4 protein chains.
Amino acid sequence: MPNSFGHLFRITTWGESHGPSIGVVVDGCPPRLPLTEADIQADLDRRRPGQSDITTPRKESDKVEFLSGLFDGRTTGQPLAMLVRNSDQRPEAYSEMQTAFRPSHADFTYQTKFGIRDHRGGGRSSARETIGRVAGGAIARKILALAGEVEIRAFVTHIHHIAAPSLDHFPTLAEVEANAVRCPHGPTAEKMIEAIKQARSEGDSVGGIIECRVRRLPVGLGEPVFDRLEADLAKAMLSLPATKGFEIGSGFTGTLLKGSQHNDAFIVRDGAVHTATNKSGGVQGGISNGEELVFRVAFKPTATILQNQATVDVQGQPTELHARGRHDPCVVPRAVVIVEAMTALVLLDHWMRHSAQNRTFQF
Amino acid sequence: MPNSFGHLFRITTWGESHGPSIGVVVDGCPPRLPLTEADIQADLDRRRPGQSDITTPRKESDKVEFLSGLFDGRTTGQPLAMLVRNSDQRPEAYSEMQTAFRPSHADFTYQTKFGIRDHRGGGRSSARETIGRVAGGAIARKILALAGEVEIRAFVTHIHHIAAPSLDHFPTLAEVEANAVRCPHGPTAEKMIEAIKQARSEGDSVGGIIECRVRRLPVGLGEPVFDRLEADLAKAMLSLPATKGFEIGSGFTGTLLKGSQHNDAFIVRDGAVHTATNKSGGVQGGISNGEELVFRVAFKPTATILQNQATVDVQGQPTELHARGRHDPCVVPRAVVIVEAMTALVLLDHWMRHSAQNRTFQF
Amino acid sequence: MPNSFGHLFRITTWGESHGPSIGVVVDGCPPRLPLTEADIQADLDRRRPGQSDITTPRKESDKVEFLSGLFDGRTTGQPLAMLVRNSDQRPEAYSEMQTAFRPSHADFTYQTKFGIRDHRGGGRSSARETIGRVAGGAIARKILALAGEVEIRAFVTHIHHIAAPSLDHFPTLAEVEANAVRCPHGPTAEKMIEAIKQARSEGDSVGGIIECRVRRLPVGLGEPVFDRLEADLAKAMLSLPATKGFEIGSGFTGTLLKGSQHNDAFIVRDGAVHTATNKSGGVQGGISNGEELVFRVAFKPTATILQNQATVDVQGQPTELHARGRHDPCVVPRAVVIVEAMTALVLLDHWMRHSAQNRTFQF
Amino acid sequence: MPNSFGHLFRITTWGESHGPSIGVVVDGCPPRLPLTEADIQADLDRRRPGQSDITTPRKESDKVEFLSGLFDGRTTGQPLAMLVRNSDQRPEAYSEMQTAFRPSHADFTYQTKFGIRDHRGGGRSSARETIGRVAGGAIARKILALAGEVEIRAFVTHIHHIAAPSLDHFPTLAEVEANAVRCPHGPTAEKMIEAIKQARSEGDSVGGIIECRVRRLPVGLGEPVFDRLEADLAKAMLSLPATKGFEIGSGFTGTLLKGSQHNDAFIVRDGAVHTATNKSGGVQGGISNGEELVFRVAFKPTATILQNQATVDVQGQPTELHARGRHDPCVVPRAVVIVEAMTALVLLDHWMRHSAQNRTFQF
């Protein structure tokens with residue numbers, strides 16, 4: 001179903017930008033996991049609006065409330081529901097959306113598909129929907145950390161024309177969180193912030209690229225032929241609002257290499273099989289090979305801009321949209337934690353699938 | 001399950017490179033569709049090896065046989081199984097794969113994950129697996145054509161460093177099939193063929209990029225928030241062997257634009273709502289908007305090369321792999337029909353889902 | 001996943017007897033359906049405890065709150081979440097359950113399976129879990145009524161040794177609701193109520209049988225070979241707490257007939273194909289045949305009794321359980337609306353599946 | 001999808017009575033299982049027609065052929081496809097079915113639902129469809145036996161009015177196979193065989209009841225709230241042709257007991273927690289409790305009889321059906337192995353689910 005994600009560890013999300021609440025049910029969470037609201041809140045705080053001067057000024061505390069599934073501070077194996085109430089709603093700020101379709105938004109397609117549309121703040125198509133993903137992903141991330149010290153780190157590598165130099169190490173959380181744009185290369189981050197502020201001052205917006213790396217992943221995650229690890233990661237990333245591309249390992253530029261340059265030779269390091277290079281990005285034949293998982297996601301510039309735009313109204317007549325209200329000139333920095341959450345969901349689900357299929361029975 | 005794809009129109013595939021057969025069950029095929037083996041064979045012939053002098057010389061006729069689901073030349077709504085027998089097997093050509101892991105192949109990950117591996121020709125990880133996809137996709141494509149004259153056309157835009165100029169029209173099938181490399185721009189195609197032959201002569205390989213376009217798609221296909229149309233396309237493409245990237249519409253280069261440059265203004269054309277540009281690539285908010293669907297897929301250079309490579313054997317000892325045997329220096333031209341097949345499967349499945357959800361009841 | 005039910009119209013439920021809340025997400029609800037909390041509350045009120053003097057005295061108002069998915073009083077096609085807060089919790093009344101396994105309850109199996117258990121009121125294994133099913137089922141029932149005037153009516157036919165005479169007509173809601181036990185035959189209902197009161201006075205409990213009938217169902221619902229209509233109904237009913245059996249049409253006693261007695265001859269009535277008899281119970285070959293759907297569900301006597309029972313404690317030592325607290329001597333009357341809700345969920349889901357598969361395309 | 005069954009161990013079946021073949025794909029089979037065609041053939045031979053003088057004389061050897069998924073005599077974790085060719089087809093014997101709907105068969109519902117129907121031998125609605133189930137079930141049964149010495153034994157307890165005495169022990173396979181009717185009580189079996197021969201001589205048919213028992217099942221299989229073990233067993237059984245009822249443990253007659261009589265007291269036996277009685281039938285709260293699993297399935301008398309019957313033709317006109325041809329006066333004895341196969345499929349799938357959810361991680 002369209003609002004569920006995962007097979008053995010599955011989230012089902014609900015909620016609109018200006019409805020009463022956003023929420024998520026996590027089904028399949030292993031029992032006995034110690035869990036508190038603080039485990040969830042940390043990631044929600046990295047996602048919420050208003051956290052820095054380069055994001056939307058919408059004020060939401062995004063406090064999570066557990067609705068079920070816990071006993072004595074541990075999960076019970078039963079569905080775990082979590083709720084975040086919407087508070088800073090200004091539906092009057094969206095009256096022009098009621099009649100005119102915002103270019104490159106979901107207004108026209110939702111109206112045509114469903115014959116009805118909650119126009120307030122984009123309704124279900126708003127990025128506020130990702131709160132449920134982040135809350136569910138925070139649990140998955142905790143399990144992965146406890147089970148195998150798996151670490152997931154996303155960060156910004158490009159904002160508009162500004163590109164960070166290639167990273168020579170696995171960045172720490174502190175490095176990523178050291179600046180508002182979540183680029184671990186400080187000097188580049190400053191330029192990115194400038195670019196975002198510049199776009200905002202023009203009533204315009206910019207996009208960018210997020211890279212995500214995962215280390216200490218075991219060999220064996222991924223289920224060919226259709227549920228390859230990179231296939232499920234690609235689906236997870238392209239299911240996020242504003243994403244236009246996904247690549248793993250060498251990606252699109254890998255097409256410029258020959259096979260003899262691209263192949264990752266196997267070597268023995270510390271008594272274990274490794275690859276000398278990592279063009280594969282941690283996945284071979286659809287299955288994790290124990291190397292660092294490395295992929296990138298492209299985010300288009302935010303569709304909401306504070307400039308007049310030609311468009312069409314719900315009666316199909318040409319009109320002009322005079323945008324106003326709150327405006328997030330670049331969603332990329334806040335998307336870092338969302339990318340991590342989706343990654344955690346994919347990896348945990350595959351871990352459980354791998355275990356069920358390959359470790360339940362020994363013949 | 002890992003070998004099934006689709007929700008309402010679902011294929012389940014089986015088969016290894018050197019096992020007895022490759023096959024597919026199609027479940028959910030609408031009843032009363034006229035269907036003959038010729039409908040399937042046309043696409044299988046575009047996929048099969050040995051069709052030109054730039055592909056692997058493996059000789060397979062890849063003749064399809066219907067095993068069930070037809071009556072009086074029409075589908076019955078019951079599962080439709082199709083079988084292709086493997087014939088040109090040379091298992092002795094793969095003896096070195098039995099003990100050594102081929103770099104950037106699935107040998108190591110399959111062996112580690114499953115604890116067993118059919119090493120002959122890569123077993124299930126061979127691209128022969130895609131026969132089932134192409135057979136199932138041929139049915140989906142026929143239904144889409146009958147239902148809405150939907151046309152799906154993939155073609156090669158890049159081989160190694162050679163890039164075709166941007167296409168100013170929706171290419172005909174004849175244009176794509178006019179040359180062995182399936183690039184509709186003749187002069188570029190010639191250079192691409194040269195590059196592939198050059199790689200083959202070096203015992204090396206090259207990769208490339210396929211673009212896929214779809215026209216006459218209705219508005220409304222795609223199921224947010226997780227089953228967005230582009231998310232399911234991304235999954236479909238990254239589930240193919242040798243793919244490393246996916247992008248839709250403006251893709252990665254779209255991150256270099258500002259919102260005011262990237263947004264697709266709505267206009268009225270021929271009495272219907274359209275967009276003036278198509279940076280969105282035919283999808284907004286995860287739902288088709290009636291414009292041409294445009295996406296690209298990156299294929300890495302084939303991992304099989306006829307050069308000596310450093311690697312590790314199944315006992316974990318360093319060794320050198322002396323490759324020999326048949327060798328496909330570039331899989332991209334043959335992958336064109338596979339990309340089309342997966343696209344057809346995604347689109348038909350979404351068409352049926354859209355219909356079930358939004359057209360069954362009128363309130 | 002274990003807490004989701006349905007393919008195209010799917011509910012996902014959460015909540016424990018003594019947790020903060022019980023809730024449900026409905027995914028796949030067709031858009032534009034007019035819906036208010038009153039549509040849900042009516043069925044919840046038929047389910048809630050304390051509605052008569054033969055049910056548990058637990059006091060719960062079970063007021064439903066919409067959390068998402070509505071706009072201007074209509075569904076939007078987006079997930080619809082509903083919440084009921086638990087209020088009358090007396091966790092102290094369950095202290096003995098913490099250490100001793102109640103016979104024929106889920107205490108032992110939950111503890112062994114999950115390694116942890118919310119013992120308060122049975123936690124997730126409590127029948128309070130069915131609130132989410134009833135809330136989701138109320139929406140399905142409304143859609144079925146609007147779409148085809150489909151009517152679903154369940155009622156009690158047996159309580160302990162007391163059996164109602166076979167019903168010669170499709171009972172009205174008023175007939176069923178005319179007494180506390182929900183048996184449409186008044187004189188029998190009185191005896192049933194007496195039997196329940198007698199059991200309660202003994203600190204004992206009784207079970208019974210519910211029959212469910214559905215009329216005006218179209219021909220064609222059911223998806224062989226595995227998703228036959230009766231198979232999904234059987235699963236739905238056996239997924240309810242305390243159920244031990246399901247039969248459709250002639251059921252177990254049909255095994256006493258010969259084929260010549262059991263076969264339902266086809267006849268023409270009012271210009272349409274019907275059957276002269278209905279031993280099939282409205283389903284042939286796994287597909288609804290347009291006749292009345294008739295099935296029965298067996299409910300065991302409630303496991304909770306106010307008598308001392310031999311049992312084992314969590315350390316695996318023999319002990320005796322001294323039950324006390326609130327006690328529902330017979331769950332069957334309250335289960336009537338739960339059976340209807342599950343029936344509605346199965347039928348609507350199959351309606352949508354039938355439509356997607358067989359009505360989307362005409363060849 | 002309607003022709004797939006299972007979540008982690010999944011079969012997808014295809015094939016019609018008079019099409020080219022019947023087959024099955026098994027997806028999710030754990031790797032490294034030793035497997036030969038003999039493992040499958042043994043169960044297929046117990047299912048096939050013509051094995052005794054009380055079944056249909058249709059001659060089918062039902063030889064199974066592996067199409068994929070094996071290497072060196074072991075499963076590889078890849079999809080395992082199996083094929084059985086149809087041979088004894090007499091389509092001319094079914095000409096009258098082409099125009100007239102056989103009473104209590106699937107002819108009318110298939111024709112109406114799909115708008116097309118393979119009338120030869122019932123097409124997909126024929127019990128030949130169960131070959132795929134038996135083949136897949138044979139693998140599941142082997143895994144269960146290897147993993148936990150789990151034993152599944154079904155047998156006939158009722159044929160028409162003839163009831164076997166209650167069994168005081170877990171019957172051996174030899175006891176069940178000692179006679180053609182598969183009732184382990186010899187004197188009763190003789191009467192049953194007489195009853196079946198009598199029905200055949202009258203051109204009539206009889207039904208009956210199969211009981212299935214499973215021993216050495218671990219505690220913990222079953223996934224509340226919807227995927228309770230008994231719910232999935234009920235679905236599995238009601239998905240079989242000709243079934244009309246399912247009950248577990250005390251079943252329908254359990255409604256005649258009071259709670260104090262029905263509850264299964266917990267005791268300690270051989271140092272482990274057991275129940276003194278087994279009214280629960282091996283399942284509590286939807287989860288196996290380690291006791292013997294005991295359930296029963298009702299099969300109606302075969303709809304095919306060799307007597308004239310009133311019916312309606314495909315134009316909706318009254319007509320009379322003059323049946324002729326081969327005729328199975330009682331399907332119950334052959335259904336024994338099919339019940340076992342479906343049971344094995346349900347149990348193995350739940351074993352793998354339980355393992356994934358509860359044993360992958362220890363906190």
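A. Expanded view of the relation of the copies chain A and chain C. Expressed as a screw transformation, the operator carrying chain A onto chain C has a rotation angle of 180° and an axial translation of 0.0 Å, and the superposed copies differ by an RMSD of 0.0 Å. Each copy turns onto its partner about a two-fold axis. Looking at chain A, 100% of its interface residues are interface residues in chain C too, so the copies touch through the same face.

B. Representation of the nonpolar core in the model. Counting 326 residues, the largest nonpolar core has I139 of chain A, I139 of chain B, I139 of chain C together with I139 of chain D as the members making the most contacts within it. Apart from the residues within four sequence positions on either side, I139 of chain D is in contact with F9, V26, C29, L33, L35, I40, L80 and M82 of chain D.

C. A look at the sheet that holds strand 10 (residues 208–215) of chain D. Sheet architecture is open: ten strands sit in the order 9(C)-8(C)-10(C)-16(C)-11(C)-11(D)-16(D)-10(D)-8(D)-9(D), paired in antiparallel fashion. Edge positions in the open sheet fall to strand 9 (162–163) of chain C together with strand 9 (162–163) of chain D, since each of these has one partner strand only. Two strands pair when backbone bridges link them, and strand 8 (residues 151–159) of chain C and strand 10 (residues 208–215) of chain C are joined in this way by eight bridges, in the antiparallel orientation. Paired with I152 of chain C across the strands is V214 of chain C, a residue of strand 10 of chain C. Each of strand 11 (243–248) and strand 16 (293–299) of chain C together with strand 11 (243–248) of chain D is contacted by helix 7 (residues 229–238) of chain C, which is oriented at about 160° to strand 11 of chain C, the strand it contacts most.

D. Region of interest: the relation of the copies chain C and chain D. Between the two copies, chain C and chain D, the superposition gives an RMSD of 0.0 Å; the rotation angle is 180° and the shift along the axis is 0.0 Å. Taken as a fraction of all interface residues of chain C, those also at the interface in chain D reach 100%, which identifies the copy contact as same-surface.

E. Geometry of helix 3 (residues 107–114) of chain C. Burial within helix 3 of chain C is extensive, with six of its eight residues counted as buried. Taken residue by residue, helix 3 of chain C has D107, F108, T109, Y110, K113 and F114 of chain C as its buried positions. Contacts from the buried residues of helix 3 of chain C go to strand 12 (266–269), strand 13 (272–275), strand 14 (283–284), strand 15 (287–288) and helix 9 (332–359) of chain D. Following helix 3 of chain C by one or two positions, G115 of chain C adopts a phi angle in the positive range, close to 75°.

F. Broad picture of the side chain of E340 of chain A. Residue and element names in this part refer to chain A. Looking at the secondary structure, you find E340 in helix 9 (residues 332–358). On the accessibility criterion, E340 (0% relative accessible area) is buried. The residues contacting E340, other than those within four sequence positions of it, are R46, R141, I152, R153 and A154.

G. Quick peek at the packing of helix 4 (residues 130–148) of chain D against helix 9 of chain D. Residues and elements named next belong to chain D. The N-to-C vectors of helix 4 and helix 9 enclose an angle of 55°; their axes lie 7 Å apart at closest approach. With respect to helix 9, the axis of helix 4 lies oblique. Crossing handedness for the pair helix 4 and helix 9: left-handed. Together, T130, R133, V134, G136, G137, A140, R141, I143, L144, A147 and G148 of helix 4 and V337, I338, E340, A341, M342, A344, L345, L347, L348 and W351 of helix 9 make up the contact between the two elements. For the contact of helix 4 with helix 9, the per-class residue count stands at 14 nonpolar, four polar and three charged.

H. Representation of the pairing of strand 2 (residues 10–15) of chain A. Residue and element names in this part refer to chain A. Among the six residues that make up strand 2, six are buried, leaving the element largely enclosed by the rest of the structure. Judged by which residues are buried, strand 2 turns out to be covered on both faces: R10, T12 and W14 on one side and I11, T13 and G15 on the other are all buried. As judged from the six bridges shared by strand 2 and strand 3 (residues 21–27), these two strands associate in the antiparallel manner. Paired with W14 across the strands is G23, a residue of strand 3. Two successive antiparallel strands, strand 2 and strand 3, enclose a turn made up of five residues.

I. A look at the packing of aromatic side chains. All chains considered together, the criterion is met by 36 aromatic pairs over all chains. Taken together, a centroid distance of 5.5 Å and an interplanar angle of 35° make the contact between F246 of chain A and F295 of chain A tilted. Of the two residues, F246 of chain A is situated in strand 11 (residues 243–248) and F295 of chain A in strand 16 (residues 293–299); the sequence distance between them amounts to 49 residues. Taken individually, F246 of chain A and F295 of chain A each receive the classification buried, so the pair is uniform in this respect. Where F101 of chain C meets F108 of chain C, the ring centres are 5.5 Å apart and the plane angle is 70°; that geometry is what we call edge-to-face. We classify F101 of chain C as buried; its relative accessible area is 3%. Overall, the relative accessible area of 7% leaves F108 of chain C in the buried class. An aromatic cluster is defined as three or more aromatic residues linked by ring pairs; in this entry it consists of F101 and F108 of chain A together with F266 of chain B. Its end group placed over the ring of F114 of chain A, K113 of chain A keeps NZ or CZ at 5.7 Å from the ring centre.

Each value, and the rule that gives it
- Residues numbered from 1 in each chain as written.
- Chains lettered and ligands numbered in written order.
- Predicted model: local features only at pLDDT ≥ 70, side-chain atom pairs only at ≥ 80, totals over all residues.
- Heavy atoms only, no water.
- Least-squares fit on C-alpha atoms with pLDDT ≥ 70 in both.
- Contact = heavy atoms within 4.5 Å.
- Core = buried A, V, L, I, M, F, W, Y, C linked by side-chain atoms within 4.5 Å.
- Buried < 20%, exposed > 50% of the residue type's maximum accessible area, 1.4 Å probe, protein only.
- Pairing = 2+ DSSP bridges.
- Helix = DSSP H or I, 4+ residues; strand = E, 2+ residues; numbered from the N terminus.
- Axes fitted to C-alpha atoms, helices over the stretch in contact; angles between N-to-C directions.
- Parallel < 35°, antiparallel > 145°, perpendicular 65-115°, else oblique.
- Left-handed = near helix turned anticlockwise from the far one by under 90°.
- Nonpolar A, V, L, I, M, F, W, Y, C, P; charged D, E, K, R; others polar.
- Phe/Tyr/Trp six-rings, centres within 6.5 Å; stacked < 30°, edge-to-face > 60°.
- Lys NZ or Arg CZ within 6 Å of the ring centre and 35° of its normal.

That is the geometry; function is a separate question.
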